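Structural characterization, general
Take a look at the letters that make up each chain.
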Amino acid sequence: MFKGFGRPKKKSVLEDNELTTGIVQHPVTKRWQTWISFTGHDIQCVTAHNQREDANKIAKQIADAWSEGNTKLGKR
């Protein structure tokens, strides 16, 4: 699990300006999903990968981007 800093959207168990990311293997597809949480209460799946290492890399990149102040995270 990786943490980054930003502004949570709801009451949170995380510190102010934190988010947390991680990975989980889907029970049916067996693909590795990266997830993100702004509160620590709920998660949102972001990507899916065949390789665990790829999912870990993306989860870390999300946390690092957030830590560096990139709070848009793919918004267009």
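Use the structure listed above.
This structure is a prediction, so every number in the text was calculated from the model and none was measured.

Our focus in this paragraph is the pairing of strand S2 (residues 18-25). For S2, a buried count of 6 out of 8 residues is recorded, marking the element as mostly surrounded by other parts of the structure. When S2 meets strand S3 (residues 32-37), the two strands line up antiparallel, connected through 6 bridges. By the bridge assignment, Gly 22 is partnered in S3 with Trp 35. Joining the antiparallel neighbours S2 and S3 is a turn of 6 residues, in which Lys 30 adopts a positive phi near 65°.

Moving on: the environment of Gln 51. Turning to its location among the elements, Gln 51 is positioned in the loop between strand S4 (44-49) and helix H1 (52-67). For Gln 51, a relative accessible area of 43% gives the class partly exposed. For the pair Gln 51 and Gln 25, spaced 26 residues apart in sequence, the C-alpha separation works out to 9.9 Å.

This part covers the side chain of Thr 34. Note that Thr 34 resides in strand S3. Of the polar contacts made by the side chain of Thr 34, one reaches the side chain of Thr 47; its length is 2.5 Å. With sequence-adjacent residues up to four places away left out, Thr 34 is seen in contact with Gly 22, Ile 23, Gln 44, Cys 45, Val 46, Thr 47, His 49, Ala 55, Ile 58 and Ala 59.

The rules we used
Residues numbered from 1 in each chain as written. Predicted model: local features only at pLDDT ≥ 70, side-chain atom pairs only at ≥ 80, totals over all residues. Heavy atoms only, no water. Buried < 20%, exposed > 50% of the residue type's maximum accessible area, 1.4 Å probe, protein only. Helix = DSSP H or I, 4+ residues; strand = E, 2+ residues; numbered from the N terminus. Pairing = 2+ DSSP bridges. Polar contact = N/O pair within 3.5 Å; in protein donor to acceptor, adjacent residues only side chain to side chain. Contact = heavy atoms within 4.5 Å.

Just distances and angles here, no functional claims.
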